[in-house]
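A look at the structure
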Amino acid sequence: MKQNKHPNDGPPRWAVRFFRWYCNDYLSEAALGDFMELYDRRRSSLGKRKADLLFIGNVLAFLQPFALRKKRPSYALNEIAMFENYFKIAWRTMARQKMYTGITVGGLALGLATCLVIFLYIRHELSFDKGYTHGARLYRMYNDFRGPDAARWTSLPPMVAQIMKTDYPEVEKAGRLIPQKWQQAGSNLFRREDQVENLYEEGFVYADNELLDILEIPFVSGSRETALVKPNSIVLSKRMADKYFPGEDAIGKTVILNEHKTTPYVIGGVMADFPADSHLHYDFVLTLTGVEFWPGEQTSWCCWNYDTYVRLKPGADPAALEEKLPAIRDNYLMGYLEKSGDQSAADIKLHHFLGLQPVKNIHLNPEKVEDELRHGDMRYVWLFGGIAVFILLLACINFINLSTAKSANRAKEVGLRKVVGSVRGYLIRQFLTESLVYSIVSFVFGVLIVALVMPFFNSLSGTELSMPWRSVWFAPLLGVAALVIGIFAGLYPAFYLSSFKPAEVLKGSVSKGSKSSGLRSALVVFQFATSIVLIIGTFIIYKQMNFILHTKIGFDKDQVVMIQGTNTLRKQQETFKEELLQLSEVEDVTLTDYLPVTGTNRDQNTFWKEGKTREDKGVSGQFWFVDADYIHTLGMKVVEGRDFDKRLASDSLAVVINQAMVKNLGLKKHIGERITNGNTVYTVIGVVENFNFESMKGAIRPVCFTLAKGGSIAAVKVNSRNMADALASLTNVWSKFMPHQPFRYSFLDESYARMYEDVSRTGKILTCFAALAIVVACLGLFALSSFMVEQRGKEISIRLVMGATTGSIFQLLTGNFVKLVLIALVVAAPLSWYLTQRWLEDYTYKISVTWDVFAVAGVISVLIALITVSYQSIRAALANPANRLRSE
Amino acid sequence: MKGTYLGEFEELVLLAVGILFDDAYGLALVDELERKTERPIMMSAVHKVLVRLEDKGYLKSRMGGATQVRGGRDKRLYTLTAAGKKVLSQSRDLRNSMWKEVPKVVWEAGAL
């Protein structure tokens, strides 16, 4: 626009500018000319002020769609041709620089694959129990003890479900479940009545018929309304019905559990298998109709074994209902406690509440209710989500770094395009098109990678993820993600590359890609800091894992075989034990239900010093029934007093307690003190060293052993090196006693390790991610270093000619990168220290985070970076300088 | 678009373009129309109709004829296309034929 020499001569300039801004190019020149002509005429006849106002009027009157609309005749064709050209150029650039293309696409594909896997994982974690029609009204009840030993747990007395229905009009349905290993819930020997062979099956549970309806379990055959109404009825999952009654109708058939031929079960229905995203997974549902585990059990308030689920009526307010629930405690439980003279009654009255947990929350469990299920953890969902984002960022950074670093190669193209009339917008579009091509190609590879590694990841994380191609949203989502990531990664390079001034570029004065080296360095630091945090995190998890598995745990878990199901031997148990002891491979045998690994029985009792039941607050502790060989078979250490002695009849009323029990009860004399669980008084004859029997997340809790005979597990200490031989001998003995039952065994150390499966799983997954992050970061570093060597090729050659040694050249080229990695280490160390401390807070028994972890992580990352950079550096340093210098 | 239908103002603008022949641009058309119709004409209205008529294919335009008073800006000069001429003559033919059908007595009868 021509500048007026006398600014006051013309119309108001803002109005002109405004008009030019809104009006389309087609009209603006001609219309503005008309305005000016008219203005000129008016100024001489009406004066400047009026002419100005009328001019503004003209401008405003033009503010109409016809003037705003872009008018582009025959533009569309041109556009397509341009895009064709963009794609062609993108393709040629990619083809010309195969290594850079490979690194960019490879890195991006890896990053995307990781993201996709994590996305599927997170989606799975968040998908639990979302499918119920009445899901919003579905709750599981839990105990909420808000006292000093605050705890939340699920099991309730048997009466609660019924009371919920009778006392609370808001409740539509209530049903009970016994999920823990108790009575016949858990695992059993199982057979059809008309067959002899037993099979060992897991996944038994007791439930009310109403629960089937509450949890909306779909039935394959039979009716959900009546399947469990009759006493001794059982519901099988489809999978189990197919296994035991292939091609037959299972309904009405009779099955036998644990050889209890007097109480057979009749199949009342076949339910569909539980879906993977349900919090419950059972194959056999036993009815609770007519069940009474001992006389008066169903109406007692002593024993808490029932998980209770409720479905509220539509519109009922769960919070308001929760407010009313303490009435159950006051009207029912308190009466029982007072009658039995329980000292904790006052405490319970004060602190015990009932809560309602939405069923859809059970998997991630934000309420932190303790139960027997395997839970997800919202923190891990966040952690993995964060890692996904970071790895993707790393991959995008590679793209940004490489495209800006390689800008020199494109500078001439940009200059030339500008000279022949391309405006910046077109160039931005071109480079965005290019990055989109990269992103889409990477997506294709990424999806391929995911398809390949999915089985591996599933076995690692214990999940069953698959790509939901059938879902309508999945493919479009991938497409949109490819677009978004392409644009995100391409934005900065596009603006950077399109900003070149043609004159400078064509003159050759744009310094070769060194312009934004500050930003590139920062991005490299970011990449390595992320990788180092992941490396350190992995280290800490492995150290903690190692600590848990190999630290002194208070018992000897090695070389112990647990033979399951010895309770089915009935009266032959002792003979079986004797026979085992005859074997040369066997050192010790103990029969019990209780072992310091999960999956075996637990029995929570309250203990007092003798005669103090009404004065003292009780100490809660485990009450384990063991035989006289238990303590030495498991290698526990008696620190005071003595072990049980079979020969002493008086030992039937003796107990051995652990140190935690001594401490919590406040026993002064330790040995000879008399303690009671409210029913019987026992004499303490020995104290064993504390041993871990739960996850190390909590402190070791009190345990009390007393003598009993028999149990469902025979723990066999084997002295033989050759485990296979030992197992063969054990099997022989077993089949002699129990020809129709499978010999089931497991190893104590493996069961112990399984308690920490989640930790080890997290460790493994994190290792994979750390490795991926490092690989992606190194790909970028490798490309950057080769680019640098390329750029400084002449300089290096001249240095070599002038007498520089190979070593000094190597130093010159690698020094800078090593510096960056060191800076990254400084950034990453405090961050990872903080994060690992937070993670370790969960554990009472834990390692301390020491400096050597940081040192090792630092050395590793520097080494990796050095190796990455070395290849190109050494090649440059060893190259014959003449070859390079000759070429110009 | 409205097909071949020509509005009254559109017809006037087309005719004005014809009258001004080689110098038919926005302001000149406004002047011409004001002179002929003796009513104030909005410049934006003229430009709007010009754009529309060009879209319909009755007009074509080129840039040219910059002058000092216009701040050195080109005019957008419009000329009638064959289609434009055709639609004008169609419009006139329609009127003529309708005129002919009006009985003479209508014109001869005086006002009531």
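Now for a description of the structure that goes with this document. All of these numbers come straight from a predicted model, not from anything done at the bench.

**Observations regarding the overall build of chain A**
In terms of helices and strands, chain A carries 28 helices and 23 strands. On C-alpha atoms alone, chain A measures out to a radius of gyration of 38 Å, which is more than a quarter above the 29 Å that the 2.2 N^0.38 rule sets for 888 residues. On the principal axes, the C-alpha backbone points of chain A span a range of 125 × 80 × 60 Å. Looking at chain A residue by residue over its 888 residues, the buried ones come to 38%. Sequence-distant contacts in chain A: of pairs separated by 6 or more residues, those separated by 24 or more amount to 81%.

**With respect to the pairing of strand β22 (residues 713–718) of chain A**
Residue and element names in this part refer to chain A. Counting buried positions along β22 gives six out of six residues, so the element sits mostly inside the fold. Of the two faces of β22, the one carrying Ile713, Ala715 and Lys717 and the one carrying Ala714, Val716 and Val718 are both buried. Two elements, strand β13 (residues 560–564) and β22, share five bridges in a ladder whose sense is antiparallel. Among the inter-strand pairings, Ile563 is bridged to a residue of β22, identified as Ala714. As paired strands, strand β14 (residues 586–592) and β22 are joined by six bridges and run antiparallel to one another. Of the residues in β22, the one forming a bridge with Asp588 is Lys717.

**Examining the pairing of strand β8 (residues 254–257) of chain A**
Residue and element names in this part refer to chain A. Judged from the three bridges that link them, strand β4 (residues 186–192) and β8 form a sheet pairing that is antiparallel. Across the sheet, the residue bridging to Phe190 is Leu257, located in β8. As paired elements, β8 and strand β9 (residues 265–271) share two bridges and run antiparallel to each other. Among the inter-strand pairings, Thr254 is bridged to a residue of β9, identified as Val266.

**Points about the sheet that holds β22(A)**
All names here are of chain A. Pairing is antiparallel across the open sheet formed by four strands, whose spatial order is β14-β22-β13-β23. A strand with exactly one partner marks an edge of an open sheet, and here the two such strands are β14 and β23 (745–747). Each strand axis lies, on average, 25 degrees off the axis of its neighbour in the sheet, ignoring direction. Helix α19 (residues 573–582) rests against β14 and β22 of the sheet, and its axis sits at about 165 degrees to β14.

**Examining helix α16 (residues 474–497) of chain A**
Think of an α-helix as turning once every 3.6 residues; residues three or four places apart then point the same way. Residue and element names in this part refer to chain A. Taking 1.5 Å of rise per residue, the 24 residues of α16 would be expected to cover 34 Å, and the 34 Å separating its terminal C-alpha atoms lies within 8% of that figure. Where α16 bends most, at Gly490, the angle is about 45 degrees, and the proline Pro493 comes one to four residues later. If you check which residues of α16 are buried, you get Ala482, Ile485, Gly486, Ala489, Gly490, Pro493, Ala494 and Leu497. Next to the buried residues of α16 lie α13 (378–405), α14 (407–419) and α15 (424–461).

**So, the nonpolar core**
Formed by 95 residues in total, the largest nonpolar core has its most connected members in A:Ile391, A:Phe528, A:Ile532 and A:Ala773. In this structure, A:Ala161, A:Leu228, A:Tyr306 and A:Leu356 belong to the second largest nonpolar core, which totals 57 residues.

**Digging into the interface of chain A and chain B**
The interface of chain A with chain B comprises 17 residues on the first partner and 18 residues on the second. Going through the elements one at a time, α2 (25–46) and α3 (48–61) of chain A are the ones with two or more residues in the side of chain A that touches chain B. At eleven residues, α2(A) tops the list of elements feeding residues into the side of chain A that touches chain B. Its residues assigned to classes, the side of chain A that touches chain B shows nine nonpolar, three polar and five charged.

**Digging into the packing of α15(A) against α16(A)**
How two helices sit against one another is set out by the angle between their axes and by the gap between those axes. Residues and elements named next belong to chain A. Where α15 meets α16, the closest approach of the two axes is 7 Å, and the angle between their N-to-C directions is 140 degrees. When the interaxial angle is binned, α15 and α16 end up oblique. Here α15 runs over α16; the crossing is right-handed. In this structure, α15 uses Ile428, Phe431, Leu432, Glu434, Ser435, Leu436, Tyr438, Ser439, Ile440 and Phe443 to contact α16, whose residues at the interface are Leu478, Ala482, Leu483, Ile485, Gly486, Ile487, Ala489, Gly490, Pro493, Ala494, Phe495 and Leu497. The residue inventory of the contact of α15 with α16, partitioned by class, reads 17 nonpolar, four polar and one charged.

Criteria and thresholds
- Residues numbered from 1 in each chain as written.
- Chains lettered and ligands numbered in written order.
- Predicted model: local features only at pLDDT ≥ 70, side-chain atom pairs only at ≥ 80, totals over all residues.
- Helix = DSSP H or I, 4+ residues; strand = E, 2+ residues; numbered from the N terminus.
- Rg over C-alpha atoms; globule rule 2.2 N^0.38 Å.
- Buried ≥ 20, exposed ≤ 12 C-beta atoms within 10 Å, placed from the backbone.
- Contact = placed C-beta atoms within 7 Å.
- Pairing = 2+ DSSP bridges.
- Axes fitted to C-alpha atoms, helices over the stretch in contact; angles between N-to-C directions.
- Expected span 1.5 Å × (residues − 1).
- Bend = angle between axes of the 7 residues up to and from the residue.
- Core = buried A, V, L, I, M, F, W, Y, C linked by C-beta atoms within 7 Å.
- Nonpolar A, V, L, I, M, F, W, Y, C, P; charged D, E, K, R; others polar.
- Parallel < 35°, antiparallel > 145°, perpendicular 65-115°, else oblique.
- Left-handed = near helix turned anticlockwise from the far one by under 90°.

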